[in-house]
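# Coordinates in review
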Amino acid sequence: MGDVVNLKRFKKRAERHQSAQQAEANRTRFGRTKSERSMDERRADRASELLDQHLLDQQRIDGEDAS
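To start, this report covers the structure provided alongside it. (Residues numbered from 1 in each chain as written. Predicted model: local features only at pLDDT ≥ 70, side-chain atom pairs only at ≥ 80, totals over all residues. Heavy atoms only, no water.)

### Topic: the overall build of the chain
A count of helical and extended segments in the chain gives three helices and zero strands. Ordered by position in the sequence, the α and β elements of the chain form the string α-α-α. Roughly 6900 Å² of accessible area belongs to the chain as shown, and the carbon and sulfur atoms make up 52% of that amount. (Helix = DSSP H or I, 4+ residues; strand = E, 2+ residues; numbered from the N terminus. Areas by Shrake-Rupley, 256 points an atom, 1.4 Å probe, with all protein chains shown as cover.)

What follows is the structure, given as structure tokens:
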């Protein structure tokens with residue numbers, strides 16, 4: 001015969017395992033320091049500024065014809 005398995009214990013173990021996996025995914029996804037977030041924000045701002053500097057004139061931004 002097979003071993004007797006306590007289903008409550010088995011379910012609790014499975015829930016803990018699932019919870020641990022979800023916690024690990026959240027740590028990877030959201031676990032960044034304030035300095036990392038601010039550095040990414042500065043990089044994005046800088047890239048946006050550089051892109052804006054390469055536009056020919058303000059009228060093209062507004063969608064109007066230059067002539």
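Let us keep going from here.
### Digging into the pattern of salt bridges
Summed over all chains, the structure comprises three salt bridges. Linking Arg 27 and Glu 24 is a salt bridge whose minimum nitrogen-to-oxygen distance equals 2.9 Å. In this pair, Arg 27 and Glu 24 are both assigned in helix H1 (residues 7-30), three residues apart and thus about one turn of the helix distant. Note on Glu 24: relative accessible area 43%, which makes it partly exposed. Ionic pairing is found between Arg 43 and Asp 40, a salt bridge with its closest N-O pair at 3.8 Å. In this pair, Arg 43 and Asp 40 both sit in helix H2 (residues 34-53), three residues apart, roughly one turn of the helix. Classification of Asp 40 by relative accessible area gives partly exposed; the value is 32%. A single salt-bridge network, built from bridges that share partners, covers Arg 32, Asp 40 and Arg 43. (Salt bridge = Lys/Arg side-chain N within 4 Å of Asp/Glu carboxyl O. Buried < 20%, exposed > 50% of the residue type's maximum accessible area, 1.4 Å probe, protein only.)

### Side note on a nonpolar patch on the surface
A contiguous nonpolar patch, built from Val 5, Leu 7 and Phe 10 and spanning about 320 Å² of accessible area, is present on the exposed surface. Along the chain, Val 5 falls in the segment before H1. The exposure class assigned to Val 5 is exposed, which follows from its relative accessible area of 52%. (Patch = residues over 30% accessible without salt bridge, like charges linked within 9 Å, V, L, I, M, F, W, Y side chains within 5 Å.)

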